[in-house]
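# Observations on chain architecture
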Amino acid sequence: MTDPHVQDPTEESLWRPLRQLQASMDADIARIYTGERITGLKPSFVMELLRLHARGPMTITELAESVGRTHSALSQKVAAMRDAGWVHAVEGEDARSKKVMLTDQSRAVVDRLAAEWRATEAAVAEIESEIPYPLSRVVTDIERALERKSFHDRIAEKLAQDPAWG
């Protein structure tokens with residue numbers, strides 16, 4: 001039974017609308033794929049597929065660095081992409097390393113994915129031209145604010161002021 005006196009801090013979230021907006025836009029991209037009978041492809045896979053197409057097979061470390069993600073995050077994503085049939089691994093230069101490469105399934109649609117990427121970027125640019133403060137500018141401004149004081153330090157300061165933290 002829930003205590004009516006306990007306040008749920010998750011009821012408030014300044015950035016939840018941003019996450020919901022991105023999820024909605026990703027769902028629209030997924031609808032494009034479904035409409036074109038590109039099944040089982042998540043929009044979140046496309047950057048890596050395009051990167052592999054442009055640069056050729058890469059280790060997970062190389063791919064992670066090329067897209068600005070951690071090795072751990074990319075390892076999980078590559079596993080999901082492999083399970084969905086979009087990539088497979090081949091032996092690298094030595095027996096200990098493996099390289100990720102496109103499958104025939106992904107090679108068959110990669111030019112269409114590049115077209116979708118360009119169309120999506122153009123649509124985002126169009127949206128940004130319609131609003132007074134483009135999201136790309138917001139990101140730059142947030143990055144500058146975080147250069148002045150990190151997100152970690154900001155959270156730590158707030159926690160130091162909260163008696164529930166300790």
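Above this text you will find the structure in question.
Residues numbered from 1 in each chain as written. Predicted model: local features only at pLDDT ≥ 70, side-chain atom pairs only at ≥ 80, totals over all residues. Heavy atoms only, no water.

Take helix 5 (residues 104-130) next. Between its terminal C-alpha atoms helix 5 stretches 40 Å, which fits the 39 Å expected from 27 residues at 1.5 Å a residue. Along helix 5, the largest kink reaches about 50° and is centred on Val110. Those residues of helix 5 that sit buried are Ser106, Val109, Val110, Leu113, Ala114, Glu116 and Glu128. (Helix = DSSP H or I, 4+ residues; strand = E, 2+ residues; numbered from the N terminus. Expected span 1.5 Å × (residues − 1). Bend = angle between axes of the 7 residues up to and from the residue. Buried < 20%, exposed > 50% of the residue type's maximum accessible area, 1.4 Å probe, protein only.)

In this section: the pattern of salt bridges. Counted by the stated rule, this structure contains eight salt bridges. Note that Arg31 is salt-bridged to Asp28, the shortest N-O span being 3.2 Å. Of the two residues, Arg31 and Asp28 both sit in helix 1 (residues 16-35), three residues apart, roughly one turn of that helix. Using a relative accessible area of 62% as the deciding quantity, one classes Arg31 as exposed. (Salt bridge = Lys/Arg side-chain N within 4 Å of Asp/Glu carboxyl O.)

This brings us to the nonpolar core. Grouped together as the largest cluster of nonpolar side chains are 25 residues, with contacts concentrated most on Leu41, Leu49, Trp86 and Leu113. Counting only elements with at least two residues in this core, the list comes to helix 1, helix 2 (46-55), helix 3 (60-67), helix 4 (71-83), strand 2 (98-102) and helix 5. Setting aside residues up to four positions removed in sequence, Leu49 forms contacts with Leu41, Met81, Trp86, Val87, Leu102, Ser106, Val110 and Leu113. (Core = buried A, V, L, I, M, F, W, Y, C linked by side-chain atoms within 4.5 Å. Contact = heavy atoms within 4.5 Å.)

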